[in-house]
Amino acid sequence: MNMKRWGLGLLLLWAGLALADDEGSAEQAAKLMYVQTHNAAVFEEPGLGGDPLSRLAQGDQVQVLESTERWYRVQQEDLEGWMPNLVLRDTPPSRRQSRADEAAELEASPRRRASAVTTAGAIRGVEEEERLLDDPDLDIEQLRALEEMGVSADDAIQFLMAAEEDVEE
Amino acid sequence: MKHSAIKAEDSGAEPGRRTWRCLSPLLALSLILMPLAPVLAEHPPRARLHQIQPVEAAEANERAEIRVGREVAARILARHKLVDDPALQRYVNLVGRAVALHGDRPDLDFYFGVIDSEQVNAYAAPGGYIFVTSAALALMEDEAELAGVLAHEVAHVDRRHIVEALNIRAPEASPMAGLTRFFGGATEATQVFFSQAVDRVVELLFEDGLQREDEFEADRFGVRTAARTGYDAEGFSRFLSRLSELEGARAADELSDTHPAAGERLERIRVLLQEEGLRGPEQNRFQARFEQHRP
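Residues numbered from 1 in each chain as written. Chains lettered and ligands numbered in written order. Predicted model: local features only at pLDDT ≥ 70, side-chain atom pairs only at ≥ 80, totals over all residues. Heavy atoms only, no water.

The name given to chain A in an unreviewed UniProt entry is SH3 domain-containing protein, and the organism recorded there is Natronospira elongata.

If you want it as structure tokens, here you go:
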């Protein structure tokens, strides 16, 4: 009986602490953001002119001091500068980098190097992929070509930045 | 069924008993009741399992969505080949991915393809497989228009319009799952499930069209997403307007089979642009870059 009461007390205490902790982190989450891409550049001004002050790693935390429509002024220790809002989110980057990683996990075969193409194939399973190859209503070769052409988030961000430079010029 | 399952527990041999005792009561209960789930009105044991594993269920559902979308993409590609122009395809992928990063599902891997077709149209299969026809591309005048069209399709994926309309989800999350797992034959049942889903998606995309409200929502979200990406927010309506003015309006007719009338869409977009102050900037049309890539 005593044990039960202790157990209940501990449970309530734990729940209380968990709630308090949640509130604390919710408050912080409004200011802390995470770098989503590799080698994200930090600029002196909100614009892409000039060399970056520094580069941050994917998953790094920064404190947001100010925001504009497309830029955040951020701080990380002694470093202070501007980053495009595209590369920051208020949640850590997902562990799953791409469909390829997920597929590699699913396939669970360390010897088999998953390309972007085996990926989605792995989601269906190898047998399933073979079944599709025989289906005259499907063009798997074209599908693979399509998946080969997919670009990464990093490539797309670089592309947008180049566009922004064009406009500034 | 319930009776026999309990009996199996009671009369198990010694090592069996041990295993049963090790199982958590919830798991044991769900194993017993799993085959009964389809006949229970609200499937309480299943609902509880879902509450425990919402993330896994969501991931399984997304995998199911991608699996269906991928097969739909292979079907579309069997009808219309990819335009053989790697530079163009890469360019369209860059614009599309940039837009998708500003949508509701930035982590999803999107694939964009220009397909050879004389119909002015674009298609979004579930899971992020998006197509725009060569005829649609020929009708566009700048990158903001391309971004607008792709953003409309990305919005269909982000808002899971087809997934919801057809209730596409992981077979293990459906009420039938317990039954098939219990009696075996899950593989066949799964294949049938996916094939039927793929058939229905193709019908929706090429014949029936989505619900009018879904199209309006995709217009709204698409315009906002293109603007957030930094494009001239009027790109999509300029394209739509040109499409509806096409003499002979053959292309417009083809589109109107599966979409609401252009006039009503344009009016709604005009109101949205005005209310949310999404006009311009005009320099963000990137016409020169678009012209470089268009065949």
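1. So, the pattern of salt bridges
Residues and elements named next belong to chain A. Definition in use: Salt bridges are defined as contacts in which a side-chain nitrogen from Lys or Arg sits within 4 Å of a carboxyl oxygen from Asp or Glu. Helix and strand assignments come from DSSP, with helices taken as H or I runs of at least 4 residues and strands as E runs of at least 2, each series counted from the N terminus. Think of it in three bands: with a 1.4 Å probe and only protein chains considered, a residue is buried below 20% of the maximum accessible area for its type, exposed above 50%, and partly exposed in between.
If you walk through the whole model with that rule in mind, you get 28 salt bridges over all chains. E141 is paired through a salt bridge with R144; the nearest N and O atoms lie 3.8 Å apart. One end of the pair is E141 and the other is R144, both in helix α5 (residues 140-149) and 3 residues apart, which spans about a single turn. The class for E141 is exposed, based on a relative accessible area of 53%.

2. Concerning the pairing of strand β3 (residues 129-133) of chain B
All names here are of chain B. Heads up, the rule is: What makes two strands pair is DSSP finding at least two bridges between them.
By the criterion of burial, β3 is predominantly enclosed, with 5 of the 5 residues buried. The two faces of β3 match: Y129, F131 and T133 on one face and I130 and V132 on the other face are all buried. In this sheet, β3 lies alongside strand β1 (residues 111-115) in parallel orientation, the contact comprising 5 bridges. Paired with V114 across the two strands is V132, which belongs to β3. Hairpin connection from strand β2 (residues 122-125) to β3: 3 residues lie between these consecutive antiparallel strands, with G127 at a positive phi of about 80°.

3. Notes on the sheet that holds strand β7 (residues 88-89) of chain A
Residue and element names in this part refer to chain A. Strand order in the open sheet formed by 5 strands is β6-β5-β4-β1-β7, and the pairing between neighbours is antiparallel. Among the strands making up the open sheet, the edge pair consists of β6 (79-84) and β7. As paired elements, strand β1 (residues 32-35) and β7 share 2 bridges and run antiparallel to each other. Counterpart to Y34 in the pairing with β7 is R89.

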